[in-house]
Amino acid sequence: MPQTHRSVAFSGKKKKEQLKARRTRKVLVKSGEENSHPPEVNTGLPSSALSKLQEGGEAAGVNYLEEVECVNHQPDTRSNANRYNLKFRKETQEETRKRKAVHHMGITLASESDLEASTGQFYPSGLGYPARPEWNKGMSKSTLDISENRHFRLFCEKLNREFAGADLSLYELNLETWRQLWRVTEMSDVLLVIVDARFPVAHFPPYLYHHLTEEEGRGIILILNKCDLLPPELVVAWEYYFHHTFPKLLVVPFSSLEGRRHPRGRLQMAAESSLRLVEACQQLVGDSVDLTQWRKKIEEERDVELEGGVETIEDIQQEEPPSTLPEVHQHYKDGILTVGTIGHPNVGKSSLINALMGKKVVSVSKTPGHTKHFQTIFLTKNVKLCDCPGLVFPSTVTKPLQVILGSYPISQVRDPIGVVHYVATRLDIPSCLGLDYFREPRDSPGKGDKWTAFEICEAWARKRGYFIRSRGGPDAFRAANELLRFCLNGQKSLVLYLRPPGYISEKEKFKSDPRVEDIKLIQGSVCLEKTALEEEEEEAEKVQEEEEENSEEEDNDEESDDTEERKLPLPNVQNKFSLLVEDE
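Note that the structure is a prediction, hence the values are computed from the model and not measured.

A.B. asks: Provide a residue-level description of the overall build of the protein chain, including the pertinent values.
C.D. replies: Each helix and strand counted, the protein chain has 21 helices and nine strands in total. Within the protein chain, the proportion of its 584 residues that are buried is 48%. For the protein chain, restricting intrachain contacts to residue pairs at least 6 apart in sequence, the fraction spanning at least 24 positions comes to 74%. When the accessible surface of the protein chain is totalled, it reaches about 31200 Å², and 48% of it is carbon and sulfur.

Spelled out as structure tokens, the structure:
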């Protein structure tokens with residue numbers, strides 16, 4: 001019988017999605033009555049797809065991968081491996097196409113005044129974050145789950161509706177991660193909002209500050225982490241800006257260094273930063289909790305000469321079970337000060353805890369979302385730290401800047417060359433890396449001598465020896481990924497940073513400020529110029545050692561050739577007794 005229609009391939013991926021949607025519908029049916037509103041479970045689906053499921057739509061019309069992107073998604077759906085993964089809105093093809101259009105555009109370097117920014121530039125009025133909805137102790141776990149899911153869905157719908165015309169950034173769409181934040185803020189007496197000192201206004205949401213200080217009455221300390229990557233006068237300028245803009249905020253510069261210096265310098269600098277953190281906590285706590293033991297241990301670590309990074313602080317680590325049920329806050333429960341750490345991914349929350357301890361007690365990674373759920377660590381018997389997973393708060397930060405901030409993983413970026421263009425317009429990459437200008441006259445006529453993002457990536461690929469095997473040309477994609485990692489880590493002098501408003505006009509004033517010497521002490525009395533010279537000297541030493549090793553190998557080869565020539569050649573015979581016959 002002739003075939004009346006063309007067969008359509010049905011992949012295993014679609015079959016898995018169909019089975020997953022069917023299981024979700026069964027959960028919705030079993031957990032609610034026929035006439036009641038079906039409960040909302042945390043499926044990670046957007047509101048449109050979730051409504052289709054609740055209305056009994058077909059599984060073929062539900063594909064959450066088209067709207068929500070799960071970072072580091074694991075294929076095994078039988079376990080909870082993807083429960084705490086970062087989830088963002090999936091980027092459209094139109095957005096990707098617009099970024100690819102700048103690959104071959106001439107780069108014009110922005111002035112230093114264009115890099116001045118404030119919190120209002122990234123967090124306009126009207127933005128907020130999903131706080132925990134109202135609850136009472138009589139609510140069951142399923143009822144609370146329904147309420148939180150509905151509240152989070154309505155928040156996302158309202159945010160997307162009000163900022164439809166604006167460039168809304170990618171923000172966290174996983175409700176489980178927001179539950180971690182709610183739990184940490186409920187159990188903490190003092191909250192450390194950790195930001196990257198290079199981009200503090202892009203990491204500090206003002207609506208979080210107003211909610212925690214005015215509505216919940218929490219003390220907040222802003223940690224300017226990675227301040228060793230900035231000039232000291234710029235750190236002082238950021239301190240003045242945040243003190244003036246947010247009066248109830250205490251600012252503490254911190255340098256965990258993340259292995260960029262000798263272990264002695266790392267521990268000493270962590271001690272200097274920790275002492276200032278103790279003073280800030282004592283200012284908020286008062287006489288309610290005695291922090292003498294914490295201060296004493298830090299002073300002992302600073303005074304003791306360490307060899308090879310030997311730790312002197314003993315810790316008690318307790319991993320908190322992943323329960324996010326609400327709890328009424330009790331100030332200084334059992335006489336213990338609970339300090340919570342919150343912030344965006346890759347701002348150094350876990351590194352800060354390791355620096356406070358003087359040893360590695362928390363796993364650290366450059367991948368956003370590495371910390372899955374909160375855990376508590378005791379600094380002393382009456383001081384407890386609570387590490388919260390990184391959260392991407394709603395803002396208007398652009399996608400390229402989110403990649404540089406570390407909020408979005410570089411390995412997941414579809415167009416790294418477009419992000420390099422964003423960096424190159426604000427930082428002179430060719431001068432920092434010493435790239436040689438190369439362009440064929442027929443390739444891009446009329447552009448003059450301006451670099452393009454694609455040419456920068458090609459030049460770096462040639463310098464590093466990255467070539468494509470199939471065609472033999474430079475691997476610009478691999479070079480772009482490496483350049484973005486350099487910017488993220490502050491390596492190879494690729495340190496991009498923002499300035500507070502009015503910094504250029506008052507730069508000399510900040511240089512003469514007495515606080516500059518304190519910042520230098522926190523930074524280990526090492527300037528950025530000295531750091532660059534040390535890196536160049538290390539590279540020169542490595543090159544010299546390689547040349548010496550190569551010369552030694554050549555000398556050994558020549559000696560082996562001489563010894564082989566001195567040896568007498570033996571006749572090649574099959575029968576050894578034939579030699580005796582010839583001698584006779």
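And the narrative resumes.
A.B. asks: Run through the packing of helix 16 (residues 453–464) against helix 17 (residues 476–489), naming residues and quoting values.
C.D. replies: Two elements in contact, helix 16 and helix 17, have axes separated by 8 Å at closest approach and are oriented at 95°. Taken together, the axis directions place helix 16 and helix 17 in an arrangement best described as roughly perpendicular. For the pair formed by helix 16 and helix 17, the contact residues are Phe454, Ile456, Cys457, Glu458, Trp460, Ala461 and Arg464 on the first element and Ala476, Ala479, Ala480, Glu482, Leu483 and Phe486 on the second. The residue inventory of the contact of helix 16 with helix 17, partitioned by class, reads ten nonpolar, no polar and three charged.

A.B. asks: So what's going on with the pattern of salt bridges? Residues and values would help.
C.D. replies: Across all of its chains, the model carries 15 salt bridges by this definition. Between Asp145 and Arg179 there is a salt bridge, and its shortest N-O distance comes to 2.8 Å. One end of the pair, Asp145, is in helix 5 (residues 141–162); the other, Arg179, is in helix 6 (residues 175–187), with 34 residues separating them in the sequence. In this structure, the salt-bridge partner of Asp196 is Lys226, at a minimum N-O distance of 3.8 Å. With Asp196 in strand 3 (residues 190–196) and Lys226 in the loop between strand 4 (219–225) and helix 9 (232–245), this residue pair connects regions lying 30 residues apart in the sequence. As far as burial versus exposure is concerned, Asp196 and Lys226 are alike and both buried. If you follow the salt bridges from partner to partner, you end up with Arg132, Asp145, Glu148, Glu176, Arg179 and Glu186 in one network.

A.B. asks: Give a detailed account of the packing of aromatic side chains, specifying residues and quantitative values.
C.D. replies: Under the counting rule described, the total for this entry stands at 16 aromatic pairs. For the ring pair Tyr129 and Tyr207, a centre distance of 6.1 Å and an interplane angle of 25° mean the geometry is stacked. Here the residue Tyr129 occupies a position in the loop between helix 4 (119–122) and helix 5, and Tyr207 occupies one in helix 8 (residues 206–215), the gap between them amounting to 78 residues. The same class applies to Tyr129 and to Tyr207, which are both buried. Ring geometry for Trp238 versus Tyr241: centroids 5.7 Å apart, planes at 80°, classification edge-to-face. Within this pair, Trp238 and its partner Tyr241 are both found in helix 9, separated by three residues, close to a single helical turn. Like Trp238, the residue Tyr241 is buried in the burial classification. In this structure an aromatic cluster arises from ring pairing among Phe204, Tyr209, Trp238, Tyr241, Phe242 and Phe246. The ring of Tyr466 has Arg478 lying over it, and the distance from NZ or CZ to the ring centre is 3.8 Å.

A.B. asks: An account of unusual backbone geometry is requested, with residue identities and associated values reported.
C.D. replies: One non-glycine residue, Asn346, adopts positive backbone phi at about 65°. The topology assignment puts Asn346 in the loop between strand 7 (337–343) and helix 12 (349–357). Of the residues examined, Asn346 reaches a relative accessible area of 14% and is grouped as buried. For Ser493, which is not a glycine, the phi torsion comes out positive at approximately 65°. If you trace the backbone, Ser493 turns up in the loop between helix 17 and helix 18 (507–511). Taking relative accessible area as the criterion, Ser493 reaches 38% and is therefore assigned partly exposed.

How each quantity is defined
- Residues numbered from 1 in each chain as written.
- Predicted model: local features only at pLDDT ≥ 70, side-chain atom pairs only at ≥ 80, totals over all residues.
- Heavy atoms only, no water.
- Helix = DSSP H or I, 4+ residues; strand = E, 2+ residues; numbered from the N terminus.
- Buried < 20%, exposed > 50% of the residue type's maximum accessible area, 1.4 Å probe, protein only.
- Contact = heavy atoms within 4.5 Å.
- Areas by Shrake-Rupley, 256 points an atom, 1.4 Å probe, with all protein chains shown as cover.
- Axes fitted to C-alpha atoms, helices over the stretch in contact; angles between N-to-C directions.
- Parallel < 35°, antiparallel > 145°, perpendicular 65-115°, else oblique.
- Nonpolar A, V, L, I, M, F, W, Y, C, P; charged D, E, K, R; others polar.
- Salt bridge = Lys/Arg side-chain N within 4 Å of Asp/Glu carboxyl O.
- Phe/Tyr/Trp six-rings, centres within 6.5 Å; stacked < 30°, edge-to-face > 60°.
- Lys NZ or Arg CZ within 6 Å of the ring centre and 35° of its normal.

All quantities given are derived from atomic positions and should not be read as evidence of function.
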